[in-house]
Amino acid sequence: YSIVYNPNGGSGEMDVTAATYDSEATVATNGFMWAGHVFAGWATNATDEAAYAADYVLVLGAGIHDDQPSATLCSRLDTALGLMETSDAVFILCGGQGDDEIMPESHVMYNYMTAHGADPARLRVEDTSKNTVENVENAKAFLTEGASAAVITNEFHLARTRRIMARAGLDPVGIAAPTPYRSM
């Protein structure tokens, strides 16, 4: 059997992967590009949604109000909660404590996610970073060797964050959370 990859409107070429009937096969790393789109994983047939395949997902902080997440942060956390339902990834909650904050953002993130049904065993807390570069660099300490990672942030922040991930040696896979009308 052959696994053939379809760019579905994107560009680029990928070699066919050989597979044996009734045996597991490893699909290739995405080699397609499509401006304005982010690869989320492979669909197993024409009607399925993509199966998300990252081992870890970084969820970036975005401000808190006392012990509650900002609207922007809620959007990121809700996106993570939705992805948790279809992915086996471990989620790294990234955010230290700002000068005007009573606790680290990642602790508020953890409380929000567990209050909304997230499995605590799949959450990691990175609570020392002060900016996006530190978010990514500090989160790398949680990654096992050879693991894949993606990041959840808002659309307006995604391009910059993907560049930071690439500079840090990670695949620049991003998942856009909607930006609330009134974001902070």
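Reading the values: rules and limits
- Residues numbered from 1 in each chain as written.
- Predicted model: local features only at pLDDT ≥ 70, side-chain atom pairs only at ≥ 80, totals over all residues.
- Heavy atoms only, no water.
- Pairing = 2+ DSSP bridges.
- Helix = DSSP H or I, 4+ residues; strand = E, 2+ residues; numbered from the N terminus.
- Axes fitted to C-alpha atoms, helices over the stretch in contact; angles between N-to-C directions.
- Contact = heavy atoms within 4.5 Å.
- Buried < 20%, exposed > 50% of the residue type's maximum accessible area, 1.4 Å probe, protein only.
- Arc of directions from axis to C-beta.

## Topic: the sheet that holds strand β9 (residues 123–126)
Alright, step 1. On the basis of which strands lie adjacent, the open sheet formed by 5 strands has the order β9-β8-β5-β10-β11 and parallel pairing. The open sheet has two edge strands with one neighbour each: β9 and β11 (174–177). Strand-to-strand twist in this sheet, taken as the mean axis angle between neighbours without regard to direction, amounts to 25°.
Alright, step 2. Of the strands in this sheet, β5 (56–60), β8 (90–94) and β9 touch helix α3 (residues 132–139), which is tilted by about 155° from β5.
Alright, step 3. Relative to the sheet, helix α4 (residues 155–167) contacts β5, β10 (149–154) and β11, its axis offset from that of β10 by approximately 150°.

## Focus on helix α2 (residues 105–115)
Alright, step 1. Buried within α2 are the following residues: E105, S106, V108, M109, Y112 and M113. The buried residues of α2 occupy an angular sector of 155° when projected down its axis, which confines them to one face.
Alright, step 2. The inward-facing, buried residues of α2 abut β5, β6 (64–65), β7 (68–69), α1 (71–84), β8 and β9.
Alright, step 3. Downstream of α2 by one or two residues, G117 has phi in the positive range, about 100°.

## Overview of unusual backbone geometry
Residues other than glycine predominantly adopt negative phi, and peptide bonds predominantly adopt the trans conformation.
Alright, step 1. Of note, D22 is a non-glycine position whose phi angle comes to about 65°, a positive value.
Alright, step 2. One can find D22 in the loop between β2 (17–18) and β3 (41–42).
Alright, step 3. Residue class for D22 comes out exposed when judged on its relative accessible area of 72%.
Alright, step 4. Of note in this structure, D66 is not a glycine but carries a positive phi near 55°.
Alright, step 5. Within the element layout of this structure, D66 appears in the loop between β6 and β7.

Just geometry here; none of it tells us what the structure is for.
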